[in-house]
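# Notes for the structure review
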Amino acid sequence: MKRFWLLILCCACFLPGAVMAQQHARISSEELFFKANQAYKNGHYQAAVKGYQELALRGGGGGHLFYNLGNAYYRLGELGRAILNYERARLLIPRDADLNFNLNQARDQTIDQAAESPGLLAQGFFWLDNLNLFEVFGAFVVVNALFFGFLALRLFRRPEWTWYVLIVFAIFAALGVASLGVKWRQVAGDDRAVIVAKQAKVLAGPDPGDTLIYRVHQGAVVHFERAENNWILVSIGQDKRGWVRSGEVEKIRLDPLPKKVES
């Protein structure tokens, strides 16, 4: 009994402090976001970048935060990092009209653009390009809940119309399972990266003395194959691949995947 009251006393002492600390961290993040936005409006883009980056490091990497960060980098003339953050934002808010417009504007200014045709799965599940992973999962849960709800109804009551509704929901449930699997594969297997250096030398091997194959410029989207020491093996299109320094390229997909989605 004494241990029980001792536990209650400890909770009474430490819980308010933990709640206050969490509230303080939330307020601090809100203040930092406000200050970063004000810095951007006042034309202090480097200060805005610093604020947005700090928020991203805290784990509050919502889609609009990456969008704002991309805008700040774009104003600074850092096209590669602007595209990088626009692409990160698009993983979370793919239907945002302003984001897509700015991303297309930035892409039009890049020198190296490798056209890639979507795979068969991407063509078959074309609607997934406009949904993020969390939305696909939410739709999957709702459709399956409706399906099993009508299935339970059929066990107790058997009006004729429920049979047809059940068939429709069964089709949508199967489509939902397939869509979730394809979307997860697309997100988890996203190996895209962006050249963030003004110009990167692509070499035949992971050594400064290796043969120069070609040069690639900021904003180019490449595929990240593997890392070795301070070098990254990348590929552009189907027939170009080579090694670049690790500081000249950054992956689009963050590890772990962003958890917070802004509406």
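Please refer to the structure higher up on the page.
Remember, it's a predicted structure, so these values are computed and weren't measured experimentally.

This next bit is on the environment of R95. Mapped onto the elements, R95 comes out in the loop between α4 (79-92) and α5 (97-108). Each C-alpha atom, one on R95 and one on N132, is 9.1 Å from the other, the two residues being 37 residues apart in sequence. Excluding residues that lie within four positions of it along the chain, R95 makes contacts with N100, N130, L131 and E135. Engagement of the side chain of R95 in a polar contact is seen with the side chain of E135, the distance being 2.9 Å.

Here the focus is the packing of aromatic side chains. Inspection of every chain in the model, using the stated rule, returns seven aromatic pairs. The interplanar angle of 65° and the centroid separation of 5.3 Å between the aromatic rings of Y40 and Y45 together place this pair among those described as edge-to-face. A residue is classified by how much of its surface remains accessible, and Y40, at 23% relative accessible area, is partly exposed. Exposure remark for Y45: the relative accessible area of 21% places this residue in the partly exposed category. Members of the aromatic cluster, each reached through a chain of ring pairs, are F125, F126 and W127. Across from the ring centre of Y214, 5.4 Å away, lies the NZ or CZ of K240, which sits over that ring. In this structure, K251 packs its charged tip against the face of F224, placed 5.0 Å from the ring centre.

What counts, and where the lines are drawn
Residues numbered from 1 in each chain as written. Predicted model: local features only at pLDDT ≥ 70, side-chain atom pairs only at ≥ 80, totals over all residues. Heavy atoms only, no water. Helix = DSSP H or I, 4+ residues; strand = E, 2+ residues; numbered from the N terminus. Contact = heavy atoms within 4.5 Å. Polar contact = N/O pair within 3.5 Å; in protein donor to acceptor, adjacent residues only side chain to side chain. Phe/Tyr/Trp six-rings, centres within 6.5 Å; stacked < 30°, edge-to-face > 60°. Buried < 20%, exposed > 50% of the residue type's maximum accessible area, 1.4 Å probe, protein only. Lys NZ or Arg CZ within 6 Å of the ring centre and 35° of its normal.

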